[in-house]
Amino acid sequence: MIRFDNVSVEYPNGVRALNDVSIHIAKGEFAFVVGPTGSGKSTLLKLIYREVTPTRGRVLFDGEDIGALKANQVPYLRRKLGIVFQDFKLLPQKNVWENLAFAMRVIGRHPRDIRRRISEVLNLVGLTKRCDAFPHQMSGGEQQRAAIARALVNHPTVLLADEPTGNLDPDTSWEIMQLLEQINTHGTTVLVATHDSQIVDRMRKRVIQLEAGYVVRDQEKGAYQHSTLTEDLCCGA
Amino acid sequence: MGLRNVEYMIQEAFTGIRRNGIMAFASVTTIALSLGVLGTFALLALAANRFVLSRVNQFEIAVFIEGKTLADIEPVLKQIRSISGVVEMNVRDRKKEWEAFKRDRPDFESAGVPLDVLPFAVDVKVSDPGRIAQIASKIRLIKGVDRVNESKELVDRILAVLRVVKVLSIAGVLVLLGTTALIISNAIRLTLYARRLEIKIMQLVGATNQFIRLPLVIEGVVLGAVGAVLAWFFLTLGGRYVALMAEKIVFLGRISSGVGRAELACGLIFVGAMIGAAGSFVSIRRFLHD
Ligand SMILES: Nc1ncnc2c1ncn2[C@@H]1O[C@H](COP(=O)(O)OP(=O)(O)OP(=O)(O)O)[C@@H](O)[C@H]1O
Ligand SMILES: [Mg+2]
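Residues numbered from 1 in each chain as written. Chains lettered and ligands numbered in written order. Predicted model: local features only at pLDDT ≥ 70, side-chain atom pairs only at ≥ 80, totals over all residues. Heavy atoms only, no water.

J.: Looking at this structure, how should I read the nonpolar core?
T.: Generally speaking, nonpolar side chains in soluble globular proteins are found buried as a group. Counting residues in hydrophobic clusters, the biggest one holds 79 residues, and the most contacted among them are Phe32(A), Val106(A), Ile148(A) and Met177(A). A total of nine residues in this core trace back to one element, the largest contributor, which is helix α9 (residues 209-248) of chain B. Not counting residues within four places of it along the chain, the set of residues in contact with Met177(A) comprises Phe30(A), Phe32(A), Pro164(A), Thr165(A), Val192(A), Ile199(A) and Met203(A). Within the second largest apolar cluster, 33 residues are counted, among which are Leu44(A), Leu47(A), Tyr49(A) and Ile208(A). (Core = buried A, V, L, I, M, F, W, Y, C linked by side-chain atoms within 4.5 Å. Buried < 20%, exposed > 50% of the residue type's maximum accessible area, 1.4 Å probe, protein only. Helix = DSSP H or I, 4+ residues; strand = E, 2+ residues; numbered from the N terminus. Contact = heavy atoms within 4.5 Å.)

Now the structure itself:
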């Protein structure tokens, strides 16, 4: 579904954020992208939603070269993606319901569909009761749920989450991960960038590890650190 | 792009204005001020044009025709009337002319020169001062015409002044139009900056550029039009004051740009709306591309 072919990204200031990355993410998969700060996790996600284009190599989405898309085709790529940000990016002057409606309205969806879909999604993320709350009236976990709900509202085939648990305590982080896993079991491909080692270790999902822009590990059912010792420790924990 | 979406965009435009009240106020004020300056300049330029033109119109062609009676000169008058561009003719009272002449040259009367030696003087008015020279030379060719006096130098000089006034006012209006567009596009860029999160989210959820742009362009049009109405209000008030002042300065007489209030309103609103649309279009374009 998503394929990186020898992708390198060099930012205009000369920073090489990704080097010769080749990975494939299959339909329906759940994968973590891990690595220290500055290793290129966000850049990898940005390539998928065409915020960044590769300097070398190609990123394919369903066989289509994302980097070669014309500017007027990019919106249609993004409608297939749901994006969740660490800083939520909720509109502060709109409540939860309005934030979701906005995301549907601006791609021209019918008000009737909007009402039905929003109650569906709010139910899924467990925010039905908080639908008229404004972002500043909600906890970090609730805001993240709202952000996930917005990402889901347009039926994406892929959910991209950049540090979705960055500001949350371990319990809340775990709840969010459970939610993402639940979404994945409904058939949505989920790609999560994180440096939350506890979560990664607990989830036992595919782990793509970046180090200074290189993929240094790509492992099914991996842990945050590649070592049998930590794996054993985690399993024991 | 269905009707439902257009309706949504118009609604969004007004919501945007309401929610960003201070920015909207700042934009409207800026637009009103710059349109006010532009309008003042344009009206003054028009008034100057009209003023110069009215001076020119006082200069007409004086034609002297030989003849003893009015009936004698009638065929000549007919020919003059048939020249295109001639608007009006006025045969001066020969007796009055004669009195004036006698005062100048008392020796003529004592010599017993009769009244009808004097040619008839006819003042010919033309529609366009630029054609005075051309029409004068046509009249000169008519048989029976004694002398044609067109005060050529004066007319030429006034026409030259008129040309300068015209060029300067067009240049001035263009420069002001450009500056106004720039100011408006800056004001709109500020409102865009204040809403960058909203725009970013629209982009990330897959709104087309058109869907992002249109409500903002409509917003620009509305702000431009509202600014224009304010500018119109001040210009009309200011115009009345200026006209009053001018009437007190006797030699100027009545000064007017010749632009009616409704015309002024339509013109300003049109320019304001166009500039608002262009300003937001340009700033959004830049905004969406980086
Ligand atoms: N727009 C940009 N312009 C220039 N350099 C950038 C840009 N975005 C990222 N970088 C650089 O590219 C490298 C990779 O950045 P990226 O954001 O992908 O890392 P990350 O793994 O997401 O880090 P973090 O865990 O801190 O979010 C970093 O060195 C960063 O400074
Ligand atoms: Mg990052």
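Having put the structure on the table, let's press on.
J.: It is not clear to me how the side chain of Gln144(A) should be interpreted in this structure. Could you clarify?
T.: All names here are of chain A. Among the structural elements, glutamine 144 can be located in helix α5 (residues 140-152). Polar side-chain contacts of glutamine 144 include one of 2.6 Å to the backbone oxygen of proline 164. Those residues within four positions of glutamine 144 in sequence are excluded, and the remaining contacts are Val84, Phe85, Gln86, Phe88, Glu163, Pro164, Leu168 and Ile176. (Polar contact = N/O pair within 3.5 Å; in protein donor to acceptor, adjacent residues only side chain to side chain.)

J.: Honestly, the site of ligand 1 in this entry has me stumped. Any pointers?
T.: Residues and elements named next belong to chain A. Around ligand 1, 14 residues are found, and the nearest of them are Gly38, Gly40, Lys41, Ser42 and Thr43. Between serine 42 and ligand 1, the recorded distance is 2.7 Å, taken from a side-chain N or O atom to an oxygen atom. The contact in question runs from an oxygen atom of ligand 1 to an N or O atom on the side chain of threonine 43, over 2.5 Å. In isolation ligand 1 exposes 630 Å². Once the protein is present, 65% of that is buried. Per-element tally for the shell around ligand 1: the top contributor is helix α1 (residues 41-48), with three residues. Here the shell around ligand 1 is built from residues that sort into four nonpolar, eight polar and two charged. (Near = heavy atom within 4 Å. Areas by Shrake-Rupley, 256 points an atom, 1.4 Å probe, with all protein chains shown as cover. Nonpolar A, V, L, I, M, F, W, Y, C, P; charged D, E, K, R; others polar.)

J.: Whenever I open this one, helix α6 (residues 170-185) of chain A confuses me. Can you help?
T.: Because an α-helix packs 3.6 residues into every turn, residues spaced three or four apart end up facing the same way. All names here are of chain A. An ideal rise of 1.5 Å per residue puts 22 Å on 16 residues; α6 measures up with 22 Å between its terminal C-alpha atoms. The set of residues buried in α6 consists of Thr172, Ser173, Trp174, Ile176, Met177, Leu179, Leu180, Ile183 and Asn184. Against the buried residues of α6 lie β3 (30-34), α4 (111-125), α5, β7 (158-162), β8 (189-194) and α7 (197-203). Trailing α6 by a residue or two, glycine 187 shows a phi angle of about 110°, which is positive. (Expected span 1.5 Å × (residues − 1).)

J.: So what exactly am I meant to see when it comes to the interface of chain B and chain A here?
T.: Note on interface size: it is often stated as the accessible area lost on association of the parts. Every contact between the two is made by 16 residues of chain B and, on the other side, 25 residues of chain A. Between chain B and chain A, a total of about 1900 Å² is buried, with carbon and sulfur atoms accounting for 63% of that surface. Of all residues in chain B, Arg4(B), Leu204(B) and Val205(B) give up the largest surface area on contact with chain A, accounting jointly for 31% of the area buried on that side. Inspection of the region where chain B meets chain A yields one salt bridge. Glu51(A) is the salt-bridge partner of Lys200(B), the closest N and O atoms lying 2.8 Å from each other. Listing elements by their share of the side of chain B that touches chain A, those giving two or more residues are α1 (3-19) and α8 (196-204) of chain B. The element that contributes the greatest number of residues to the side of chain B that touches chain A is α8(B), accounting for seven residues. Of the residues that constitute the side of chain B that touches chain A, the class distribution is eight nonpolar, four polar and four charged. (Buried area = accessible area lost by both parts, 1.4 Å probe. Salt bridge = Lys/Arg side-chain N within 4 Å of Asp/Glu carboxyl O.)

J.: Explain the domain arrangement of chain B here, please?
T.: In terms of domain boundaries, chain B breaks down into domain 1 (3-55 + 157-289) and domain 2 (60-150). Taking only C-alpha atoms, the centre of domain 1 of chain B and the centre of domain 2 of chain B are 52 Å apart. (Domains from an automatic or database assignment.)

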